[in-house]
Amino acid sequence: MHIRYLTAGESHGKALVSIIEGIPNGLRLDTGLIDRELKKRMKGYGRGKRMLIENDKAEILSGTRKGKTLGSPIAILIKNKDYRIEALSAITSPRPGHADLAGVLKFEETDIRNILERASARETASRVATGAIARILLGNFGIEILSHVTAIGGVKAEGEKLSFKGIKGTLEKSPVRCRDLRASRLMCREIDKAKARGDTLGGVFEVVACGVPVGLGSYTQWDKRLDAALARAVMSIPGVKGVEVGSGFCAACEPGSRVHDEILFNGKLKKFSRRTNNAGGIEGGISNGENIVLRAAMKPIATLSKPLASVNIKSKKTTKAAVERADVCVVPSAGVIAEAVLAIEIACAFTEKFGGDSLPEMKRNYEGYIKRLRKR
Ligand code: EPS
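Here's a quick rundown of the structure. (Residues numbered from 1 in each chain as written. Predicted model: local features only at pLDDT ≥ 70, side-chain atom pairs only at ≥ 80, totals over all residues. Heavy atoms only, no water.)

1. Observations regarding the overall build of the protein chain
Heads up, the rule is: Strands here mean DSSP runs of E at least two residues long; helices mean DSSP runs of H or I at least four residues long; both are numbered from the N terminus. Two things to know: the radius of gyration comes from C-alpha atoms, and the globule rule equals 2.2 Å times the number of residues to the power 0.38. Each residue is placed in one exposure class: buried if its accessible area under a 1.4 Å probe, protein chains only, is under 20% of its type's maximum, exposed if it is over 50%, and partly exposed if it falls in between. We call two residues in contact when some of their heavy atoms are within 4.5 Å. Areas reported here follow the Shrake-Rupley algorithm with a probe of radius 1.4 Å; residue values treat only the protein chains shown as occluding. For the purpose of charge, His is not counted, nor are the chain termini; Lys and Arg are scored as positive and Asp and Glu as negative. Taken as the charge centre is NZ of Lys, CZ of Arg, CG of Asp or CD of Glu, depending on the residue.
Scanning the protein chain for helices and strands turns up twelve helices and 17 strands. Relative to a compact globule of 376 residues, whose C-alpha radius of gyration would be 21 Å, the protein chain shows 22 Å and is just as compact. Projected onto its principal axes, the C-alpha positions of the protein chain cover 70 × 50 × 40 Å. When the 376 residues of the protein chain are sorted by exposure, 49% land in the buried category. In the protein chain, the proportion of contacts linking residues at least 24 apart, taken out of those at least 6 apart, comes to 71%. As displayed, the protein chain offers around 18700 Å² of accessible surface, 54% of which is attributable to carbon and sulfur atoms. Of the charged side chains in the protein chain, 64 are positive and 41 negative; the average position of the first set lies 3 Å away from that of the second.

2. Observations concerning the nonpolar core
Inside soluble globular proteins, nonpolar side chains tend to come together where they are buried. We count it as follows: To define a nonpolar core, start from buried Ala, Val, Leu, Ile, Met, Phe, Trp, Tyr and Cys residues and group those joined through side-chain atoms within 4.5 Å.
Formed by 76 residues in total, the largest nonpolar core has its most connected members in Ile-152, Met-187, Val-234, Leu-342, Ile-346 and Phe-350. Apart from the residues lying within four places of it in its own chain, the contact partners of Met-187 are Val-149, Thr-150, Ala-151, Ile-152, Val-155, Lys-156, Ala-157, Val-176 and Cys-178. Counting seven residues, the second largest nonpolar core, distinct from the first, contains Ile-112, Leu-116, Ile-313 and Ala-322.

3. Looking at the packing of helix H11 (residues 331–354) against helix H12 (residues 359–375)
Under the convention used in this document: Each axis is a line fitted through C-alpha atoms, taken for helices only over the stretch in contact, and angles between the N-to-C directions span 0 to 180 degrees. For this classification, under 35 degrees means roughly parallel, over 145 means roughly antiparallel, 65 to 115 means roughly perpendicular, and everything else is oblique. Any residue outside Ala, Val, Leu, Ile, Met, Phe, Trp, Tyr, Cys, Pro, Asp, Glu, Lys and Arg is labelled polar, Gly included; the first ten of those are nonpolar and the last four are charged.
Taken N-terminus to C-terminus, the directions of H11 and H12 make an angle of 80°; their axes are 9 Å apart at the nearest point. Accordingly, the angle class assigned to the pair H11 and H12 is roughly perpendicular. Mapping the contact onto sequence places Phe-350, Thr-351, Lys-353 and Phe-354 in H11 and Met-362, Asn-365, Tyr-366 and Tyr-369 in H12. Residues that form the contact of H11 with H12 fall into these classes: five nonpolar, two polar and one charged.

4. Describing the sheet that holds strand S10 (residues 240–245)
Just so we agree on the cut-off: Here the rule is simple: two strands pair whenever DSSP picks up at least two bridges between them.
If you trace the five strands from one edge of the open sheet to the other, you get S8-S7-S9-S15-S10, paired in antiparallel fashion. Two strands bound the open sheet, and with one partner strand each, they are strand S8 (155–156) and S10. For strand S7 (residues 144–152) and S8, the ladder comprises two bridges, and the chain directions are antiparallel. When the bridges of S8 are listed, Ile-152 appears paired with Val-155. Contacts from H11 reach S7, strand S9 (203–210) and strand S15 (292–298), with the element oriented near 150° to S7.

5. Description of the environment of Cys-348
Along the chain, Cys-348 falls in helix H11. In this structure, Cys-348 is in contact with His-2 and Ile-3, ignoring residues within four places of it in sequence.

6. Details of H12
Test applied: Expected span of a helix, by definition, is 1.5 Å for each gap between consecutive residues, and there is one gap fewer than residues. Counted as a polar contact is a pair of N or O atoms within 3.5 Å, where, for protein atoms, one must be capable of donating a hydrogen and the other of accepting one, and residues adjacent in sequence contribute only when both atoms are in side chains.
Between its terminal C-alpha atoms H12 stretches 24 Å, which fits the 24 Å expected from 17 residues at 1.5 Å a residue. Looking at the buried positions of H12, the neighbouring elements they touch are helix H5 (124–139) and H11. Residue Ser-358 occupies the N-cap position of H12, its side-chain oxygen lying 3.1 Å from the main-chain nitrogen of Glu-361.

7. Examining the packing of aromatic side chains
Worth spelling out the cut-off: A pair of aromatic rings is counted whenever rings of Phe, Tyr or Trp (Trp by its six-membered ring) have centres within 6.5 Å, and the orientation is called stacked for planes under 30 degrees apart, edge-to-face for over 60 and tilted otherwise.
Taken as a whole and judged by the stated rule, the model has seven aromatic pairs. Between the aromatic rings of Phe-141 and Phe-350, the centroid separation amounts to 4.6 Å while the plane-to-plane angle is 50°, which identifies the pairing as tilted. In this pair, Phe-141 is assigned in the loop between H5 and S7 and Phe-350 in helix H11, connecting sequence segments 209 residues apart. Neither Phe-141 nor Phe-350 differs from the other in exposure class; each is buried. Their ring planes at 75° and their centres at 5.4 Å tell us that Phe-354 and Tyr-366 sit as a pair that is edge-to-face.

8. Notes on the site of the ligand
To be explicit about the condition: Throughout, the term near means that a residue has one or more heavy atoms lying within 4 Å of the molecule or strand in question.
Close contacts around the ligand come from His-12, Arg-41, Arg-47, Arg-50, Met-51, His-98, Ser-120, Ala-121, Arg-122, Ile-301, Arg-325 and Asp-327, and that covers them all. Arg-41 places a polar side-chain atom, nitrogen or oxygen, 2.7 Å from an oxygen atom of the ligand. Side-chain polar atom of Ser-120 to an oxygen atom of the ligand: 3.4 Å apart, as the coordinates give it. Here the ligand has 480 Å² of accessible area as a free molecule, and 89% of this is covered by the chains. By residue class, the composition of the shell around the ligand is three nonpolar, three polar and six charged.

9. Describing the pairing of S9
Counting buried positions along S9 gives seven out of eight residues, so the element sits mostly inside the fold. Sheet analysis places S7 next to S9, joined by eight bridges and oriented antiparallel. Its bridge partner being in S9, Glu-144 is matched across the sheet by Cys-210.

10. Here we look at the pattern of salt bridges
Stated precisely, the cut-off is as follows: The rule for a salt bridge is simple: a side-chain nitrogen of Lys or Arg has to be within 4 Å of a carboxyl oxygen of Asp or Glu.
Taken as a whole and assessed by the stated rule, the structure comprises 26 salt bridges. For Arg-325, the salt bridge is made with Asp-82, and the minimal N-O distance between the two is 2.7 Å. Highlighted residues: Arg-325 in the loop between strand S17 (318–320) and H11 and Asp-82 in the loop between strand S6 (74–79) and helix H3 (100–107), separated in sequence by 243 residues. Between Glu-262 and Arg-275 there is a salt bridge; the shortest N-O distance is 3.0 Å. Residue Glu-262 is located in the loop between helix H10 (256–259) and strand S11 (263–266), and its partner Arg-275 is located in the loop between strand S12 (271–274) and strand S13 (282–283); the two are separated by 13 residues in the primary sequence. The class for Arg-275 is exposed, based on a relative accessible area of 55%. Residues joined by salt bridges that share partners form a network here, namely Glu-37, Lys-40, Arg-135, Arg-177 and Glu-339.

11. Structural notes on empty space enclosed by the protein
Filter applied, for reference: Definitions used for this entry: grid spacing 1 Å over protein atoms alone; cavity, a set of points where a 1.4 Å probe fits but cannot get out; pocket, an open set with protein on both sides within 12 Å along at least 5 of 7 lines; lining residue, one with an atom within 4 Å of a point. Grid points are joined across faces, edges and corners, and a volume is the space filled by probe spheres set on the points.
The final tally for this structure, using the stated rule, is one cavity of 30 Å³ or more. Its boundaries defined by the atoms lining it, the largest cavity holds a volume of some 30 Å³. Forming the boundary of the largest cavity are Arg-95, Pro-96, Ala-302, Thr-303, Leu-304, Pro-307, Leu-308, Ala-321 and Ala-322. Its residues placed into classes, the lining of the largest cavity shows seven nonpolar, one polar and one charged.

None of the figures reported here should be taken as evidence of function without further support.
What follows is the structure, given as structure tokens:
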């Protein structure tokens, strides 16, 4: 079984839709969990007015019966409340940093509205709902995924160490999903200042997957490398301009003796482990049993309420970029989206390794593999 998915929907269209295929038969779907993930995506300090209008909820249209999957494609619908695509006026001043200009040139368009409707990050609601299904599947195998913000604008969280324990509670208290509550307050202030200036802010978030067994992905072919699949998925989130795995760019400045993670063996648990995790849980394109850690840099939102210079695409005269309703900062939401896309890619590698048309078959394959690992 191979997982694949597609999304459809415009920002102000009737609804967002996704179809995911390859989820095994017999998986109980907790729709409450899907809606909680959707709510998480809508929140975060710096979000705009649209999030006060919408109440994202997933409706499962196919692929389930009596709350369990059937092994058939699952279609998910999220209705838009702000649904007025036909009434919205034309836009002719492209925003630097947005898909606007490249989009109108590519699609031979004269109205930027026809570009931005699909380019909008509203589409990521579909990916979060789809990812929640992958997350439910992975949860059956003890895999958990979380994200946290490590920087917003110039404000960095100090002493952020990679550890899973106790993150959840802290994130619920932090308006920007940052584990360092002092930095979280400073980040909120930075967002307020940017908003007052008519500006926007980007930042850095980190996403961690824990409980992933050794052996997902492969070095045998370029497109089977797990790190490549995860980086591509995170890079596909609108606004993401850089992705690193483990110590990433820092590893380039250190000698090998300080980068590579020494190997240990726990005789009691009959398990290999590492003293450090600079590799971010992936070596040779294969998960190595440590936490998988990715970090991504997100640029500031392209819509500025104090707009930059642009050119009218019809008259070619200098003008100011269009001003649309927009968010000031979406880094916390991007972390939630990254959790979802990571869940999908890990579930994809997981189903490739353990196969199975049903959840019990997948569990038998998984348990047999884990048992054999312990015998080595
Ligand atoms: C978004 C909805 C959009 C934007 C945002 C993401 O709503 P509207 O454009 O109607 O205000 O707030 O889109 C972007 C950041 C973007 O670059 O397009 C959402 O649901 O997340």
